[in-house]
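# An overview of the molecular structure
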Amino acid sequence: MLPLSNKDTYPYYHRGFGYRFKERINSWVRLIFSDRNSRNLFLFLLLNLSFAFVELVYGVWSNSLGLISDSFHMFFDCTGLLAGLVASVITKWKANEKYSYGYVRAEILAGFVNGLFLLFISFFLMSEAVERAIEPPEVSVKTSY
């Protein structure tokens, strides 16, 4: 069969960056949708991101600090979901000479990094709470009658 274009005659590594990038994304999408757990993680990540963006936009539009802070809370949740999704995809990689058991421990490392991230945030919140307890901010009360 004759090649349809010049791209058909070149090997993979001679093709452009855009083609290689597209192929890499397609392989990740195939890996995500091949497994039920990773597919559910991906769909929940999209749902969570969409709600976070809606909350952020509406919070900025209505000047609601509660909605803005909740949207950032949801973005932090999305980082944990993304770490789990990436680990779920990495565990499906084949074993090689260097990693004879494959990449199964990626899920454990992702859980560990997510736990460290949560500890960092909790220590930051605790330090802010102690700082406000020692030196409370001044709150001005406006009355409009």
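Residues numbered from 1 in each chain as written. Predicted model: local features only at pLDDT ≥ 70, side-chain atom pairs only at ≥ 80, totals over all residues. Heavy atoms only, no water.

Here is the rule we go by: UniProt positions are given in the numbering used here, feature names are shortened, and annotations may be inferred rather than shown by experiment.
The protein is annotated in an unreviewed UniProt entry as Cation efflux protein transmembrane domain-containing protein of Acanthoscelides obtectus. A UniProt comment under Function (unreviewed entry) is attached to the protein, and it reads "Zinc ion transporter mediating zinc entry from the cytosol into the lumen of organelles along the secretory pathway. By contributing to zinc ion homeostasis within the early secretory pathway, regulates the activation and folding of enzymes like alkaline phosphatases." On record in UniProt, under Sequence similarities (unreviewed entry), the comment for the protein is "Belongs to the cation diffusion facilitator (CDF) transporter (TC 2.A.4) family. SLC30A subfamily."

### Things to note about the overall build of the protein
The condition is simple: The way it works is that DSSP assigns letters per residue, a run of H or I at least four long becomes a helix, a run of E at least two long becomes a strand, and they are numbered from the N terminus. The buried label applies to any residue whose accessible area, calculated with a 1.4 Å probe on protein chains only, is under 20% of its type's maximum; exposed applies above 50%, and partly exposed to all values in between. Only the protein chains shown count as cover for residues, and all accessible areas are computed by the Shrake-Rupley method using a 1.4 Å probe.
A tally of regular secondary structure across the protein gives 4 helices and 0 strands. Counting from the amino terminus, the protein carries its helices and strands in the arrangement α-α-α-α. The buried share among the 145 residues of the protein stands at 18%. Carbon and sulfur atoms make up 67% of the accessible area of the protein, which amounts to about 12100 Å² in all.

### Topic: the packing of aromatic side chains
Selection rule: Think of it this way: a Phe, Tyr or Trp ring, Trp meaning its six-membered ring, pairs with another when their centres are within 6.5 Å, and the plane angle makes it stacked under 30 degrees, edge-to-face over 60, tilted otherwise.
On inspection of all chains with the given rule, the structure shows 7 aromatic pairs. Between the aromatic rings of F53 and F75, the centroid separation amounts to 5.2 Å while the plane-to-plane angle is 75°, which identifies the pairing as edge-to-face. Pair noted here: F53 is in helix α2 (residues 36-62) and F75 is in helix α3 (residues 65-90), with a separation of 22 residues, a long-range link. Aromatic side chains W93 and Y103 sit 5.3 Å apart centroid to centroid with 85° between the ring planes, which places their arrangement in the edge-to-face category.

### Some remarks on the UniProt feature "transmembrane region" (unreviewed entry) in the protein
As recorded in UniProt, the feature "transmembrane region" (unreviewed entry) lies at residues 41-61, 73-91 and 103-126. The straight-line gap between the two end C-alpha atoms of residues 41-61 is 30 Å; of that span, 100% is helix and 0% is strand. Between the end C-alpha atoms of residues 73-91 there is a gap of 28 Å, over a span that is 95% helix and 0% strand.

### Structural notes on the confidence of the model for the protein
Quick reminder of the rule: For every residue, the pLDDT score states the predictor's confidence, bounded by 0 at the bottom and 100 at the top.
Counting all residues, the mean pLDDT for the protein is 85, and 88% of those residues have values of 70 or more. Taken element by element, the protein is modelled with least confidence in helix α1 (residues 17-34), mean pLDDT 85, and with most confidence in α2, mean pLDDT 94.

### Side note on the environment of M74
Counted only if it meets this: Here a residue-residue contact requires only that any non-hydrogen atoms of the pair lie within 4.5 Å.
Structurally, the position occupied by M74 is in helix α3. Taking the C-alpha atoms as reference points, M74 and A52, 22 residues apart in sequence, are found 5.7 Å from one another. If we ignore the near neighbours within four places in the chain, the residues touching M74 are N48, F51, A52 and E55.

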